[in-house]
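What follows is the residue order along each chain.
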Amino acid sequence: MADAKGLKIDTMRSYLGRARGLGTAKGGFNHWWMQRLTSLALLPLTLWFVWSLTHLAGAPYATAHAWAGKPINAILLLALIAATFEHMQLGVQVVAEDYIHTKSIQWTVVVAVKAASALLALAAAVAVLKIAATTG
Amino acid sequence: MTDIRDAQMVGRTSDGRLVRRPLSGHLTVYINFDMVMSVGHRVTGCAIAVGTIVMVWFLVAVSAGEDRYATISWFLRTPIGYLLLFGWTAALWYHYCVGIRHLIWDTGRMYDLPTVDRSRIVILGATAVLTLLTWLIALT
């Protein structure tokens, strides 16, 4: 970090005056915070999901269906789906905003990713609910 | 200040000192391993995002009945299926471990370079161990 000597700052200006126009004051914090919250949720959920899948590997249909339909597993699957797709669309949005420089393409990609995430999440959630509803 | 653009480069440290903001590493000047790991975090994140399609396919197949379940079971047992699953497992654990370090960094801890040198080794080691462990459990 360069030293501060030789920097002349008009100290009579307020912090707000200096900050104005230098960055966003919109939804940036919420985006950052949701990324962290979902990542915290995904730490245990991912461990549980991968652990479950390693035990389901090669399982017959009835075993997989019974596993996903068990209430505790259905609940955790729904939580995993919500956290995963929220985390995913927030993350891909940052990547798109950083590397796609043409505004119109960037906007299209971000919106398309958000739409795809929402639809994938809904498809997965409906599947889990259907499995749970048909598990006796 | 000699240049008006310097106004954008002035910040304060947490104890109130005025400083010039550090410039980010410039790829044409130098590149180091931690920059590659940072890019790796983004790349694995995108790879896992593609992998969620298979997660949804799996859940939909289980809900749709035995025939659909047989289809995805067949696909995941082809060489390409195994390759994709192995890649996603490794990408997931890498993203998981780097993600934990990011959460720790968010609290302001472990930023000094000797610690970064050590945590980098821990991340790479843990990724390898977790990936192999996952497959060991799955295949036995």
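Residues numbered from 1 in each chain as written. Chains lettered and ligands numbered in written order. Predicted model: local features only at pLDDT ≥ 70, side-chain atom pairs only at ≥ 80, totals over all residues. Heavy atoms only, no water.

J.: Describe the nonpolar core, with residues and values.
T.: Grouped together as the largest cluster of nonpolar side chains are 36 residues, with contacts concentrated most on A:L77, A:I81 and B:L59. For A:I81, the contacting residues outside a window of four places in its chain are A:A121, A:A124, A:A125, A:V128, B:M55 and B:L59. (Core = buried A, V, L, I, M, F, W, Y, C linked by side-chain atoms within 4.5 Å. Buried < 20%, exposed > 50% of the residue type's maximum accessible area, 1.4 Å probe, protein only. Contact = heavy atoms within 4.5 Å.)

J.: How would you explain the packing of aromatic side chains if you had to name every residue and give the values?
T.: Aromatic rings considered in pairs are described by the distance between their centres and by the relative angle of their planes. In total, this model carries twelve aromatic pairs over all chains according to the counting rule given. Taken together, a centroid distance of 5.8 Å and an interplanar angle of 25° make the contact between A:W48 and A:W67 stacked. Of this pair, A:W48 sits in helix 2 (residues 28-56) while A:W67 sits in helix 3 (residues 61-69), placing them 19 residues apart in sequence. Comparing A:W48 with A:W67, the two get one shared label, buried. Relative to B:W135, the ring of B:Y82 has its centre 6.2 Å away and its plane inclined at 50°; by these criteria the two rings are tilted. Taken together, the residues span a long stretch of sequence, with B:Y82 in helix 3 (residues 79-106) and B:W135 in helix 4 (residues 113-139) at a distance of 53 residues. One aromatic cluster is present, built from ring pairs that chain together A:F29, A:W32 and A:W33. (Phe/Tyr/Trp six-rings, centres within 6.5 Å; stacked < 30°, edge-to-face > 60°. Helix = DSSP H or I, 4+ residues; strand = E, 2+ residues; numbered from the N terminus.)

J.: Help me get a handle on the interface of chain B and chain A, residues and values and all.
T.: Contact with chain B, which involves 37 residues of that partner, is made by 52 residues of chain A. When the buried area of chain B at its contact with chain A is split by residue, B:R42, B:L59 and B:Y96 rank highest and sum to 16% of it. On the surface where chain B and chain A come into contact, there are two salt bridges. Residue A:D98 pairs with B:R42 through a salt bridge whose shortest N-O separation is 2.8 Å. At the boundary of chain B with chain A, the tally comes to seven residue pairs in polar contact (both at pLDDT 80 or more). For the side of chain B that touches chain A, the secondary-structure elements that each account for two or more residues are strand 1 (10-12), strand 2 (18-20), helix 1 (33-64), helix 2 (66-76), helix 3 and helix 4 of chain B. Per-element accounting of the side of chain B that touches chain A gives the leading share, 14 residues, to helix 1 of chain B. (Buried area = accessible area lost by both parts, 1.4 Å probe. Salt bridge = Lys/Arg side-chain N within 4 Å of Asp/Glu carboxyl O. Polar contact = N/O pair within 3.5 Å; in protein donor to acceptor, adjacent residues only side chain to side chain.)

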